Every structure is written in C-alpha cells, then in structure tokens.
Amino acid sequence: MGKNIITKILDAHLVEGKLEPGTEIAIRIDQTLTQDATGTMAYLQFEAMGVPRVKTELSVSYVDHNTLQDGYENADDHRYLQTVAAKHGIHYSKAGNGICHQVHLERFGRPGRTLLGSDSHTPTGGGVGMLAIGAGGLDVAVAMGGGPFYLTCPKVVKINLTGKLPPWVSAKDVILAILEVLTTKGNVGMVIEYGGDGVGTLSVPERATITNMGAELGVTTSLFPSDDNTRAFLKAQGREDHWTAFAADPDATYDRTIDIDLAGLVPRMAKPHSPDNIATVRELAGTKVDQVMVGSCTNSSYRDLMIVAAMLKGKRVHPDVSFGVAPGSRQVLAMIASNGALAEIIAAGGRILESTCGFCIGAGQAPRTDAVSIRTNNRNFEGRSSTKSAKVFLASPESATAAALTGVITDPRDLGSNYPVIGMPDWFWIDDSMVLPPSDRPDSVVITRGPNIGDPPKGEPLPDMIKGRITIKVGDKITTDHIMPAGSRLKYRSNIPKYAEFVFEGTDPLFSKKSLENKLAGVHNIVVAGTSYGQGSSREHAAICPMFLGVKAVIAKSFERIHAANLINFGILPLTFSRDADYDIVEAGNELEIAGIVAALTSGTDLSLMDITARKQIVLKYSLSGRQREILLAGGMLNYTKMKAK
Ligand code: MIC
Ligand code: SF4
C-alpha cells in the first residue's frame, strides 16, 4: 500500500510503537528550537538532566518574544540563554535576528527532518516539508538530551488543493477557510498533509503561512510536499544541498480528504475572539478601524511585506489608523530596506517595529480602549493584545493594508487597483552573523544567571487521595493565555513564584491567592473546565505555575494536545468527565475527594469523584498511556527521568 508523506517521515524516525492511529509512539528528533519565553525553563531543565552537549543534529535558541527590556529581566534571560547555548552545543539567534519560525524556515528547515520546538507555531516548518511539532519546553529539553518525543500516532487528513488563488486572495485566506470548516476544536490527534495540483502554485513562504496556523486547528502538525518550489526556495537561501524531494505515493491513503478549490476562495477575516470565528471581508466591510498591524510568524515574509509596500506606494495610511509593520526577520528587513520597499512603507506612514513577536503577544502596541485592530497574526483571543476591550480581527496582509489605507474594513478586491505580482527572489540576503555558533571550548564558558532566574519547582509524587476544593470553574475553549497571561507579565517567565501570582488573572484575580492559602492549609486545588481546555500556546508555565500553587487535577470535557502533555509533565492529573452533564454538578467552591488514585492509575481503571458539597458521586476518565501514568505517579517528568536513571 502506498504511503503518505507523514507516514514516510514517521516511519524513518520511529523508535517505539507501531504506526497505528491513537496509540502512543516515540520518534527521534533531528532538530530543536526554543524561544526565550519558553527557553529559560527548557534550558534550566536541560541543565538539570546533566547532559553536557545536545545530542540532536541541530538545536537553535532564539530570542524573539521578550525584547522590550523594560527592566533587567529580559536582558538577564538573554545572557543566560546565550551562555547556556554556548556551553551545551546550541546555536543562539540574538534578539533582532528575527522571529524563530521565520528564521528557522529561512536558514535551517530541511525537508523530511523532524523538528521539535517549544512554541506551538513550530509547524511553520511544514512549509518546507519537515515534520515540525510544537511541545512544552521539558519535552524539548528531553529531545536535546537525545531522548525520543512521545506522541499519539496521528490520523492523517489530506487537504487536496486544486486551482490557483485569484488576485487579492492569499495564503492567509486559505487557512482561514480551513478554520471555518475544521474550527479550533476537536482536531486533537490529527495531522494535515497538503496535496493536489494547487500545491505547485504556492511558494514556500505562502505554504508556511498555512502550516503556521494549523496550530489554531489544534492538529499535531501540518506539512507540504517538498517539490521544485521547495528546491528553488532553499537554493535562493544558499541551501540547495538541504533539499530532498518528498511526495506521497500515488496510491497513498488518508483517514479523511478535504477538497479546497483555491480559485474559489475570497478574502476572509477571523472576528473577535477566536481564530475560527470566520466571516468574509465583504461581510465586515465598512467597520471603522483604529489599528492595523502586519507581522508575526504567520505573515511577515519578504513576499508579505513586498505586497504591503506595493499597495502603499505613493499613498498614505488613513489619519485615524495606527499602522505598524514588523518584518519577520533581519533577512526580510534587510531586503526591503535595500530594494526601496521599506521607504514606501515609511513614506505612507508606517511605524517600523522590531523583527520580533511584539504586538502578537501583547508586548507593546496595545490598542486603545474598545479599538478595532486588524492584525496579520494567528490568534485573537480576548485580551491577548493587552487591551481587554479591543476587538482583534485576523487578516491577510492584503486585507490589512486595504484597511490601513481606507480606515475601514475593505475587501482588497474593491480597491480598484491592480494586484501586485511579487516573484520569489533568486537570492535572499544571507548573513548569519547574528546566529552565534556554540563554543568549541565549552569548559571555559561560565553560565550567567541574573536574579530573576530561579530553579523550576520540583514536583511531588501524586497523592493517593486528592482531597480539596474546586478553586475555579471555567467554560469551553479556555486558552493558555487565559490560564497564564503573557503581555506585560512575560518578563516573569523565569521566576515561577512571581509569575504564579498571575494564573487566571483575567478570569479570577484572586485565584492565585486562594490557591496558595489552600496549599498552605493542606487543601488540594482542582480546576474544572469545558471543552478544548488549554488551547493555543505551548507555554508550560500554564502547568508549572498551577503546580506551584498546589493544583493537583484539572477535570475538563476535553483537552488540547500540548497542554495535556504539559500537565502530565508537571504531575497534574488531566481528567475528563464520563458524561458532559456531570460538568454541571461540580461547582466552584465545592469540596471533593478522589480516592484510590495510585491503584487506579497503576491498573488503568476509571476514577471516582465524590462531590461532598453536592453529595454526588461521578466517574472520571483519562486517556493516558502506561508511560504517562507512571510519570504522573512519580510527580512529573523530571522525577520520572531520575527514577528511570537509577
Ligand atoms: C504564542 O504565540 O502564544 C507564544 C507566545 O508564541 C506561545 C509560546 C509562549 O507562550 O511562550 C506559543 O505559541 O507556544
Ligand atoms: Fe511569536 Fe506570535 Fe508567532 Fe507566538 S504566534 S511565535 S508570539 S509571532
């Protein structure tokens, strides 16, 4: 039987298990990436493992999230990351070199390789045909130490692209159309493989926009074949030798196929406050706009900024609009600077921002109260922009620029101008001098730790009985931004006791205080949630900080993949209701008991929850492999690894 590309790559990297969807498998990881906001914890954990040098083919540590440096904390983190990288065999991409996913695609991504990144948008690498997966920092640390990555063997969905995109419709509109169909819920355990004649009409950066936002679908990863366009891209990056062809066999099978005719697509936007809340731009036309932001790992490539510059040429941004542009990498910035496109953007009234995540993660450029902000990034969760009342719409660079010019949401097809044709350059500007290679004298490198950098807290073995309180009850689609806010709180990423003060800050500002009080009184904290708990980011702080506050279990209708894995890694039980209706029984503040945990987890049987306040007993389920149950019983991954090493 013919194989699809995902199966081919998984096959070549399989170290444990069988490729049967739904079962746990382990794969070898060729490359890793980290960014600074998740990286400090990842490297502290790597150091704790005592491995002198990374065992991967390539590991890169990027600084792109926390670059505002309003205080010493970020700069301290940067120095720690630089020194730890030099000592342990990791490349270090300095602040200013660009957003991890954009730079990795340009300079390091290789077809057919596996990449594990401590950031949920790592699948951007699928644009170049690599199997790129987002995970928590601890999983990445394990991979750097040479350990395999465990995942549920996915179901492979083929998205069959036919035709060619019409003028003014671009890659973002493709993924927004897919989000309209698949939504952000219920896609756990799936991967997407793109195929069909339409693939050849898309360049690598366009493909990367599409695989990037696969993260919003909740799929494990998405990937494109590696073809002549991939070769041309790698050649223009001076890396043709990194190219290998990867295509599905003609008789390859898939668990599901979805057909998309590129020619039939129209400009779309995701309305507040979810990436799957889709409308056509025409339906929204006329809405007054306050802010437009172009950038982020989704849409900040050379192609994207050239479109923006061509649309702005000789025109002016609307007086009521604040228009910011953050090129995705130093390569992109240097190229638009040298060919005059940057000057067009400046002349039109664009605010040029650093090549970092910035506005996307709410680090700067917070919009005004009640603002309408049109952004080219991938997430528009409430409050993520750092302004709770702002209404963020996600759009293509074309639709974003149309709004910047007119001051209202405008279908770019209605601008009455010709669609600019942007060809792929034969050569990209290449200068890797801001990627520092690891030291060849590691013994002489002294790791620098500023006062903000503390050791990760230690997990305690799971108690046999959880006896405590529902400290918070939340609804469906709770994102890691709800659990562990970023924005102005980002700078505390390396200081768990401090960062833990902000857990669920926007939902219940007293959560942290109540939880700590319970913990000191020996009362366990339990979180109750609806469907898709833990959507979004890979930030393991959404598990470490609750662990620090004494949370022992999260009971939800369903979980998202990366967050569930992070909970397990930090010894918090992810449990599900056996009947959704039971969610209505357990109320915030209720006292409860879950007994016989060790025996149940050892044998893999269901758990029983006694709600003492409601006087009701309910059955709780879990979907955990034997290995995951052992990790939980040990009190988390670090304890488990130490236990195994004995
Ligand atoms: C995000 O886009 O939410 C982030 C910030 O890049 C996160 C990682 C983090 O929280 O540090 C992600 O997507 O994983
Ligand atoms: Fe950075 Fe935004 Fe991409 Fe996350 S989604 S990596 S914050 S640009």
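One structure accompanies this document, and this report is about it. Think of each chain on its own: its residues are numbered from 1, step by step along the sequence as written. Here the convention is simple: chains get letters from A, ligands get numbers from 1, in the order in which they are written. Residues qualify for local features only when their pLDDT is at least 70, as the model is predicted, and side-chain atom pairs are given and counted only at 80 or more; totals for whole chains, interfaces and linings, by contrast, use all residues. Processing note: side-chain calculations cover all non-hydrogen atoms of the structure and skip hydrogens and water entirely.

## Observations regarding the overall build of the protein chain
Piece 1. Runs of H or I in DSSP of at least four residues are treated as helices and runs of E of at least two as strands, each being numbered from the N terminus. Check the secondary structure of the protein chain and you find 22 helices and 27 strands.
Piece 2. Taken over C-alpha atoms, the radius of gyration is set against a globule rule of 2.2 Å times the number of residues to the power 0.38. Computed over C-alpha atoms, the radius of gyration of the protein chain comes to 24 Å, within 12% of the 26 Å expected from 2.2 N^0.38 for 646 residues, which places it in the range of a compact globule.
Piece 3. C-alpha extents for the protein chain along the principal axes are approximately 70 × 55 × 55 Å.
Piece 4. Relative accessibility decides the category of a residue: with a 1.4 Å probe and only protein chains considered, values under 20% of the type maximum give buried, values over 50% give exposed, and everything between is partly exposed. Relative to its 646 residues, the protein chain shows a buried fraction of 63%.
Piece 5. Sequence-distant contacts, at least 24 apart, represent 76% of the contacts inside the protein chain between residues at least 6 apart.
Piece 6. Here the Shrake-Rupley method, with its probe set to 1.4 Å, supplies the accessible areas, and only the displayed protein chains count as covering residues. Accessible area for the protein chain stands at about 22400 Å²; split by element, carbon and sulfur atoms hold 52% of it.
Piece 7. With 66 positive and 68 negative side-chain charges, the protein chain shows a spacing of 2 Å between the two charge centroids. What makes two residues a contact is simply this: any of their non-hydrogen atoms within 4.5 Å. Asp and Glu count as negative and Lys and Arg as positive, but His and the ends of the chain are not part of the count. Charge positions come from single atoms, namely NZ of Lys, CZ of Arg, CG of Asp or CD of Glu.

## Let's talk about the pairing of strand E6 (residues 114-117)
Piece 1. Of the two faces of E6, the one lined by Thr114 and Leu116 and the one lined by Leu115 and Gly117 are each fully buried.
Piece 2. Relative to strand E7 (residues 131-134), E6 is paired through four bridges, and the arrangement is parallel. Across the sheet, Leu115 pairs through a bridge with Ala132, a residue of E7. In this description, strands pair whenever DSSP reports at least two bridges between them.

## Quick look at the site of ligand 1
Piece 1. Contacts to ligand 1 come from 14 residues, most closely from His65, Asp119, Ser120, Ser538 and Arg539.
Piece 2. One nitrogen or oxygen atom from the side chain of Asp119 is found 2.7 Å from an oxygen atom belonging to ligand 1.
Piece 3. About the coverage of ligand 1: the protein hides 97% of its 340 Å² of free accessible area.
Piece 4. Classes in brief: Ala, Val, Leu, Ile, Met, Phe, Trp, Tyr, Cys and Pro nonpolar; Asp, Glu, Lys and Arg charged; the others, Gly included, polar. Grouping the constituent residues of the shell around ligand 1 by class yields two nonpolar, seven polar and five charged. Residue proximity to a molecule or strand is established when one non-hydrogen atom of the residue lies within 4 Å of it. Two N or O atoms form a polar contact when they lie within 3.5 Å of each other; inside protein one atom must be a possible hydrogen donor and the other a possible acceptor, and for residues adjacent in sequence the pair counts only when both atoms belong to side chains.

## Some remarks on the environment of Val554
Piece 1. By the secondary structure assignment, Val554 is in strand E23 (residues 551-556).
Piece 2. Once the C-alpha coordinates of Val554 and Val528 are considered, the two residues, 26 residues apart in sequence, prove to be 5.8 Å apart.
Piece 3. Sequence-distant contacts of Val554, defined by excluding residues within four places in its chain, comprise Val527, Tyr533, Phe559, Leu567, Ile572, Leu573, Pro574 and Leu575.

## Let's talk about the pairing of strand E25 (residues 591-594)
Piece 1. By the alternation rule, side chains of E25 split into Leu592 and Ile594, which are all buried, and Glu591 and Glu593, of which none is buried.
Piece 2. Bridge count for strand E21 (residues 466-473) against E25 is four bridges, and the pairing is antiparallel. The residue of E25 that forms the bridge with Ile466 is Ile594.
Piece 3. Judged from the three bridges that link them, E25 and strand E26 (residues 607-611) form a sheet pairing that is antiparallel. Each residue of the ladder has a partner; that of Leu592, found in E26, is Asp611.

## Describing the pattern of salt bridges
Piece 1. Throughout this description, the term salt bridge denotes a Lys or Arg side-chain nitrogen within 4 Å of a carboxyl oxygen of Asp or Glu. Applying the stated criterion across every chain yields a total of 35 salt bridges.
Piece 2. A salt bridge links Glu206 to Arg303; the nearest nitrogen and oxygen atoms lie 3.9 Å apart. Of the two residues, Glu206 sits in helix H7 (residues 204-212) while Arg303 sits in helix H11 (residues 302-312), which places them 97 residues apart along the sequence.
Piece 3. Residue class for Arg303 comes out buried when judged on its relative accessible area of 7%.
Piece 4. Here Arg368 ties to Asp290 by a salt bridge, and the two come within 2.9 Å at their closest N and O atoms. Taken together, the residues Arg368 in the loop between strand E17 (351-352) and strand E18 (372-375) and Asp290 in the loop between helix H10 (281-284) and strand E15 (291-294) connect sequence positions 78 residues apart.

## Some thoughts on the sheet that holds strand E1 (residues 14-16)
Piece 1. Pairing within the open sheet is antiparallel, and its three strands lie in the order E1-E2-E8. The open sheet has two edge strands, E1 and strand E8 (149-152), and neither has a second partner. Sheet twist, expressed as the average angle between the axes of neighbouring strands with direction ignored, equals 45 degrees.
Piece 2. When strand E2 (residues 24-27) meets E8, the two strands line up antiparallel, connected through four bridges. Among the inter-strand pairings, Glu24 is bridged to a residue of E8, identified as Thr152.
Piece 3. Comment: axis = line fitted to C-alpha atoms, over the contacting stretch for helices; angle = value between 0 and 180 degrees taken between N-to-C directions. Most of the contacts of helix H1 (residues 5-13) go to E1, to which it runs at about 55 degrees, and overall it touches E1 and E2.

## Regarding helix H19 (residues 561-569)
Piece 1. Of all nine residues in H19, eight are buried; the element is thus mostly enclosed.
Piece 2. Within the span of H19, buried status applies to Arg561, Ile562, His563, Ala564, Asn566, Leu567, Ile568 and Asn569.
Piece 3. Just downstream of H19 lies Gly571, where phi reads positive at about 75 degrees.

## So, helix H17 (residues 511-520)
Piece 1. Within H17, burial applies to Phe511, Ser512, Ser515 and Asn518. The buried side chains of H17 occupy one side of the element, clustering within an arc of 130 degrees when seen end-on. Exposed residues pointing more than 90 degrees away from the buried face of H17 are listed as Lys513 and Leu520.
Piece 2. Looking at the buried residues of H17, the elements they touch are E21, strand E22 (524-529) and E23.
Piece 3. Taken from the residues just after H17, Gly522 is the one with a positive phi, measuring 80 degrees. By arc we mean the arc of the directions from the helix axis to the C-beta atoms, nothing more.

## What to know about the site of ligand 2
Piece 1. Contacts to ligand 2 come from His65, His101, Asp119, His121, Ser296, Cys297, Cys357, Cys360, Ile361, Asn378 and Arg384.
Piece 2. Partitioned by chemical class, the residues of the shell around ligand 2 number four nonpolar, five polar and two charged.

## Structural notes on the nonpolar core
Piece 1. One finds Phe504, Tyr533 and Leu573 to be the most contacted residues of the largest nonpolar core, which totals 99 residues.
Piece 2. If we skip the residues at most four places from it in the chain, Phe504 touches Ile472, Val474, Ile478, His482, Ile483, Pro509, Phe511, Val527 and Tyr533. Remark: nonpolar core denotes a set of buried residues (Ala, Val, Leu, Ile, Met, Phe, Trp, Tyr, Cys) joined through side-chain atoms within 4.5 Å.

## Examining the environment of Gly364
Piece 1. For Gly364, the position within the fold is in the loop between E17 and E18.
Piece 2. Each C-alpha atom, one on Gly364 and one on Ser385, is 8.3 Å from the other, the two residues being 21 residues apart in sequence.
Piece 3. Ignoring anything within four residues of it in the chain, the contact list for Gly364 reads Leu68 and Phe359.

## So, the layout of surface pockets
Summary: where empty space remains is shown by rolling a probe the size of a single water molecule over the atoms.
Piece 1. We place a 1 Å grid over just the protein atoms. Points where a 1.4 Å probe fits but has no way out form a cavity, open points with protein on both sides within 12 Å along at least 5 of 7 lines form a pocket, and any residue with an atom within 4 Å of a point lines it. Grid points are joined across faces, edges and corners, and a volume is the space filled by probe spheres set on the points. Approximately 880 Å³ is the volume attributed to the largest pocket.
Piece 2. Counting residues per element, the ones that place at least two in the lining of the largest pocket are helix H5 (137-144), E8, H19, strand E24 (573-577) and helix H21 (626-634).
Piece 3. Per-element accounting of the lining of the largest pocket gives the leading share, five residues, to H19.
Piece 4. Its residues assigned to classes, the lining of the largest pocket shows 18 nonpolar, eleven polar and seven charged.

## Quick word on the packing of aromatic side chains
Piece 1. Between 30 and 60 degrees the pair is tilted, below 30 it is stacked and above 60 it is edge-to-face, where a pair is any two Phe, Tyr or Trp rings, Trp via its six-membered ring, whose centres lie within 6.5 Å. Considering all chains together, one arrives at eight aromatic pairs under this definition.
Piece 2. Between Tyr302 and Phe428, the ring centres sit 6.5 Å apart and the planes meet at 85 degrees, which makes this aromatic pair edge-to-face. Of this pair, Tyr302 sits in helix H11 while Phe428 sits in the loop between helix H14 (397-406) and strand E20 (435-436), and the two are 126 residues apart along the sequence. By the burial criterion, Tyr302 is buried, and Phe428 matches it.
Piece 3. Geometrically, the ring pair formed by Phe577 and Tyr583 is edge-to-face, given 6.1 Å between the ring centres and 90 degrees between the ring planes.

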